[in-house]
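Here's the letter readout for the chains.
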Amino acid sequence: MELNKIEDSEMLYRVVRRSDPDGFIQGRPTAALFMDEKGVSVDREGERSEQDYVRKFMVEILKQLSNVM
């Protein structure tokens, strides 16, 4: 994996934490999903499985929730 090049076949993952009415139009994502006051953040596939990403994001979200409670 080249750090400065994203392959056409490579998946990018983005966690959407809030409900965004502009995030999808006719079931397809829009650029609004990638707008954030803190900047855009995506994770590259990097030859890892989708399950690895889901686990990683769930752990991060649960940590954030535990800090709120």
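The structure under discussion appears in the preceding block.
Reading the values: rules and limits
Residues numbered from 1 in each chain as written. Predicted model: local features only at pLDDT ≥ 70, side-chain atom pairs only at ≥ 80, totals over all residues. Heavy atoms only, no water. Helix = DSSP H or I, 4+ residues; strand = E, 2+ residues; numbered from the N terminus. Phe/Tyr/Trp six-rings, centres within 6.5 Å; stacked < 30°, edge-to-face > 60°. Buried < 20%, exposed > 50% of the residue type's maximum accessible area, 1.4 Å probe, protein only. Polar contact = N/O pair within 3.5 Å; in protein donor to acceptor, adjacent residues only side chain to side chain. Contact = heavy atoms within 4.5 Å.

Engineer: Whenever I open this one, unusual backbone geometry confuses me. Can you help?
Structural biologist: The general pattern is negative phi for most residues beyond glycine and trans for most peptide bonds. A positive phi angle is found at Glu47, which is not glycine, with a value near 65 degrees. Considering the arrangement of structural elements, one finds Glu47 in the loop between strand S4 (43–44) and helix H1 (50–68).

Engineer: What is the right way to read the packing of aromatic side chains from this model?
Structural biologist: Two aromatic rings, taken as a pair, are described by how far apart their centres are and by the angle between their planes. Overall, the coordinates contain two aromatic pairs when judged by the stated rule. In this structure an aromatic cluster arises from ring pairing among Tyr13, Tyr53 and Phe57.

Engineer: Where do I start with the environment of Glu50 in this structure?
Structural biologist: Topologically, Glu50 is positioned in helix H1. Along the primary structure Glu50 and Tyr13 are separated by 37 residues, whereas in three dimensions their C-alpha atoms are 8.9 Å apart.

Engineer: Looking at this structure, I do not really get the side chain of Glu10. What am I missing?
Structural biologist: Locating Glu10 in the fold gives a position in the segment before strand S1 (12–13). With relative accessibility at 13%, the residue Glu10 sits in the buried group. One polar contact links Glu10 to Arg44, side chain to side chain, over a distance of 2.9 Å. Not counting residues within four places of it along the chain, the set of residues in contact with Glu10 comprises Met1, Lys5, Arg44, Glu45 and Gly46.

Engineer: Would you mind showing me how to read the environment of Met11 here?
Structural biologist: Topologically, Met11 is positioned in the segment before S1. What makes Met11 partly exposed here is its relative accessible area of 42%. Residues Met11 and Glu45, 34 residues apart in the sequence, show an inter-C-alpha distance of 5.2 Å. Every residue in contact with Met11, bar those within four places of it in the chain, is listed here: Asp43, Arg44 and Glu45.

These figures capture arrangement, not role.
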